[in-house]
Amino acid sequence: MLRKLCRQVGQQVVQQARFTAYRTFSWTNALRKDAAPQEAADSGPPKNILVEKDKNITLIGINRPQQRNAIDSLTASQLCDAFANFEADETSPVAVLYGVGGSFCSGFDILEISTDEKEEISVDILMRPEGSVGPTRRQIKKPVVCGINGYCIANGLELALMCDLRVMEESAVLGFFNRRFGVPMLDAGTIRLPAMIGLSRALDLILTGRPVGSQEAHDIGLVNRIVPTGTALGNALELATCIAKFPQRALIHDRNSVYSSTFETSTFHQAVQNEVMFTSREIIEDMQNGIKWFNQTFEPDTTHSWLKRDRSMADWDDEEVAEAAAQKEKLKQEQEAALAEAEKQKQAEKAQKKSKKAEEKPAESAESKGPKDKPTEK
């Protein structure tokens, strides 16, 4: 009887333990399910746009490699914010736009439009004031260099056209592939492309939607540099660094004048007026300082030397490079002076020998005439 009672008590304890364990497990799962959305909310939206600085160059990377960097509405918003922050950053004169992974950008994420329940939402996305894939419907205030790798197609190509200069890898591909799906160009590509490569070539690319390789893109002026595969970002950064070394006020003045004459003016006279109106007092001060520096650095008898510099003009303001160039130029001038002195001495010796010969010649002729004039003895 006692054994039976103990057995019943033991079974009840086991059942109670099982129930407690089950209830604890259920509560834990419930807490995990409740915590997952909370963790996602705490972590914030995904960082589809990466922003960092290399010295004074702002690097802006499109970070959706699994989607070949297709841009959805969230990514477009983050890209607009990144460029707005770049424009407001007085310490960064140039930006580099690139794609993380194997492609630059495959355009707008069509899957986002296709999954929308309301058709009008998709239209609103495409009609955003700044652009469907970023700030493509406005002119960025400072220079932007684009590093193109992999696929740069559809609205992604329009995003590349927004940049001032384009560095393209030799294996990359451009093209308005959206032509195949009936998606129009709504990110200023129809405005910028004809201005860059001409009406006929622009129509060829826009109407056919065909792929364009790096060599053709360079030949027609669509890209500025062709670089080996895997080096677009590095070469774009190097190009941006060269641009950043120049005095920026005059550079921005000339850049604004170019864009104004291309897109905002209809006559040459109006373009010239805008060119003058873009000039400010600060630009004049920079120009005066530059002229003073030029006069101090290049003397009248050595002004020809700057045409033969081994380094680019972008390195002029680098003190180490300027000092090395000055030493090199000084050594060159010393060598030229030594050669000139040697040549001068050589010419003097020649003139002295010539003069000595000229003096000896009359004496010899007088001696030769002497015996003939002397009377002969009979």
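Residues numbered from 1 in each chain as written. Predicted model: local features only at pLDDT ≥ 70, side-chain atom pairs only at ≥ 80, totals over all residues. Heavy atoms only, no water.

Q: Provide a residue-level description of the sheet that holds strand β4 (residues 144-148), including the pertinent values.
A: Taken in spatial order, the six strands make up an open sheet running β1-β2-β3-β4-β6-β8, and their pairing is mixed. This sheet does not close on itself; its edge strands, each paired only once, are β1 (49-54) and β8 (225-227). Averaged over neighbouring strand pairs, the angle between their axes works out to 20° when direction is ignored. One ladder, built from six bridges, connects strand β2 (residues 57-62) with strand β3 (residues 94-99); its direction is parallel. Paired with Ile-62 across the strands is Gly-99, a residue of β3. Relative to the sheet, helix α2 (residues 73-88) contacts β1, β2, β3 and β4, its axis offset from that of β1 by approximately 20°. (Pairing = 2+ DSSP bridges. Helix = DSSP H or I, 4+ residues; strand = E, 2+ residues; numbered from the N terminus. Axes fitted to C-alpha atoms, helices over the stretch in contact; angles between N-to-C directions. Contact = heavy atoms within 4.5 Å.)

Q: Outline the side chain of Ser-103, listing residues and values.
A: Tracing the backbone through its elements, the reader meets Ser-103 in the loop between β3 and α3 (110-114). A distance of 3.2 Å separates a polar atom in the side chain of Ser-103 from the backbone nitrogen of Tyr-151. (Polar contact = N/O pair within 3.5 Å; in protein donor to acceptor, adjacent residues only side chain to side chain.)

Q: Tell me what's going on with the packing of aromatic side chains, and back it up with residues and numbers.
A: Counted under the stated rule, the structure contains one aromatic pair. Taken together, a centroid distance of 6.3 Å and an interplanar angle of 20° make the contact between Tyr-259 and Phe-263 stacked. On the criterion of helical spacing, the pair formed by Tyr-259 and Phe-263 is a turn pair, its members being four residues apart in helix α10 (residues 248-263). A cation over a ring is seen here: Lys-142 above Phe-86, with NZ or CZ 4.4 Å from the ring centre. (Phe/Tyr/Trp six-rings, centres within 6.5 Å; stacked < 30°, edge-to-face > 60°. Lys NZ or Arg CZ within 6 Å of the ring centre and 35° of its normal.)

Q: Outline the nonpolar core, supporting the account with residue identities and numerical values.
A: Of all hydrophobic cores here, the largest spans 41 residues; its most connected members are Leu-97, Ile-148 and Leu-174. Those elements giving two or more residues to this core turn out to be β2, α2, β3, β4, α5 (155-161), α6 (189-197) and α7 (199-208). The dominant element in this core, judged by the number of residues it contributes, is α2, at five residues. Apart from residues lying up to four places away in sequence, Leu-174 is in contact with Ile-148, Cys-152, Ile-153, Leu-157, Met-168, Arg-210, Pro-211, Val-212, Ala-217, Leu-222 and Val-223. Membership of the second largest hydrophobic core comes to 15 residues, among which are Ile-57, Val-94, Val-96 and Val-145. (Core = buried A, V, L, I, M, F, W, Y, C linked by side-chain atoms within 4.5 Å. Buried < 20%, exposed > 50% of the residue type's maximum accessible area, 1.4 Å probe, protein only.)

Q: How would you explain the confidence of the model for the chain if you had to name every residue and give the values?
A: Scored by pLDDT, the chain comes out at a mean of 78, with 65% of its residues at no less than 70. Below a pLDDT of 50 lies the segment residues 17-41, which in the model reaches zero contacts outside its immediate sequence neighbourhood of four places, other chains included. Counted against residues more than four places away or in other chains, residues 303-317, with its pLDDT under 50, gives 21 contacts. (pLDDT = per-residue confidence, 0-100.)

Q: Provide a residue-level description of the environment of Asp-89, including the pertinent values.
A: By secondary structure assignment, the location of Asp-89 is in the loop between α2 and β3. Considering only alpha carbons, one finds Asp-89 and Thr-58, 31 residues apart in sequence, at a separation of 9.3 Å. When residues no more than four places from it in sequence are discounted, the contact partners of Asp-89 are Lys-53, Thr-58 and Lys-142.

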